[in-house]
Amino acid sequence: MLAGEEWLRSRGLLWVLCGLLAISFAGARTNLAGKIKAGLVRHGIIPEIMMKSPKFHAYVAFGKKYSARFGNLIPIEAVGNRPTTMKWKTKFRENAVYTLIAMDLDAIPKAHRWDETEFERLLWLVVNIPASRDVNVSMGQTLAPYIPPTLDPIKGEDHRILFIIFEQPGGNMNFTFPVCDAKPDDPRRTKFNVHKFVDEHKLDLPVATNFYTTREGLLEAERAAAKKKPKMTLNDTEGVKDVKGVKDVKGETTTIVYLDVTAERFNPHEEEEDEEIEVEYL
């Protein structure tokens, strides 16, 4: 075989491999987007808050133990302070600027809502956040400092806590929204309407999102469960779905902690995309 023919054949194989890799990456991205949409639909966020699912997830962590995973339960005691880490994936543009909104979607129970267009409570609002590899959320303009959700211990209802990131189409903007107090009963928080805010400031569709649910008594239940850890062998774990974690591995004996989770179990952070950069806010 001539050297030129060998070169052409090797080049052809390279193109085939590149095509297969591209198809694989596209499939992973589609799968992740589908899982994000499924979580939003299952918890009523689509169509209650948004009509279309963002393409990317936002990573929202409260210390090393808890992070939002599209509807998972987090004890109210763990979210008393703003997230310790926030990051999301997006197409990097040098002059991109973002708005971050966090809301309690169940601050007013459905049975007590007089106006279905005003039921969320604003927990956190930061605008004009510049995108770069070393930026933090404090570089943005805070219009509503972070406050934790306020729960009713008598009703014991779940609260969906939603984080949405929008790209500001015109870069830095002058927002007409007045700065809020750090009080949950501030009317600028209790009367906040995300649709109105987005329309007034002509924000683009959300680029990333995530959410968790919380309720009273989760921490006590978690501690009680930790005291009653059932012992199982590794073979006994087959088919078990409600597994929070595996600890104290000694030989073939494993400790399993069960968690009452209603959301789909998946890790949206394990999917990577080479063409995107990760913007981290500490």
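As shown above, the structure is provided for reference.
Only a predicted model underlies this, so the values are computations on that prediction, with no experimental measurement involved.

Novice: What am I meant to see in the environment of T209 here?
Specialist: Its location among the elements puts T209 in strand 8 (residues 206-214). In this structure, the C-alpha to C-alpha distance between T209 and S53, residues 156 residues apart in sequence, is 8.5 Å. Excluding its chain neighbours within four sequence positions, the residues that come into contact with T209 are I36, L40, M50, P54, F56, H57, A58, F70, L162, F163 and I164.

Novice: Teacher, can you tell me more about the nonpolar core here?
Specialist: Most often, soluble globular proteins have nonpolar side chains that are buried together. The biggest cluster of nonpolar side chains holds 31 residues, and the ones touching the most others in it are W124, F163, I165 and Y212. Counting only elements with at least two residues in this core, the list comes to strand 1 (56-62), strand 3 (85-90), strand 4 (97-104), strand 5 (121-130), strand 7 (159-167) and strand 8. In contact with I165, other than residues within four places in its own chain, are A58, M86, W88, Y98, T99, L100, P206, V207 and A208. Counting residues in each nonpolar core, the second largest holds 29 residues, with I49, F70, L143 and L203 among its members.

Novice: What's the story with unusual backbone geometry in this structure? I'm lost.
Specialist: Note on backbone geometry: most residues besides glycine have negative phi, and most peptide bonds are trans. Cis geometry marks the peptide bond from I46 to P47, where omega comes out at 10°. One can find P47 in helix 2 (residues 45-48). The phi dihedral of F70 falls on the positive side, at around 55°, and the residue is not glycine. Looking at the element boundaries, F70 is found in the loop between strand 2 (66-67) and strand 3. For N128, which is not glycine, the phi dihedral falls at a positive 55°. Note on placement: N128 falls in strand 5.

What counts, and where the lines are drawn
- Residues numbered from 1 in each chain as written.
- Predicted model: local features only at pLDDT ≥ 70, side-chain atom pairs only at ≥ 80, totals over all residues.
- Heavy atoms only, no water.
- Helix = DSSP H or I, 4+ residues; strand = E, 2+ residues; numbered from the N terminus.
- Contact = heavy atoms within 4.5 Å.
- Core = buried A, V, L, I, M, F, W, Y, C linked by side-chain atoms within 4.5 Å.
- Buried < 20%, exposed > 50% of the residue type's maximum accessible area, 1.4 Å probe, protein only.

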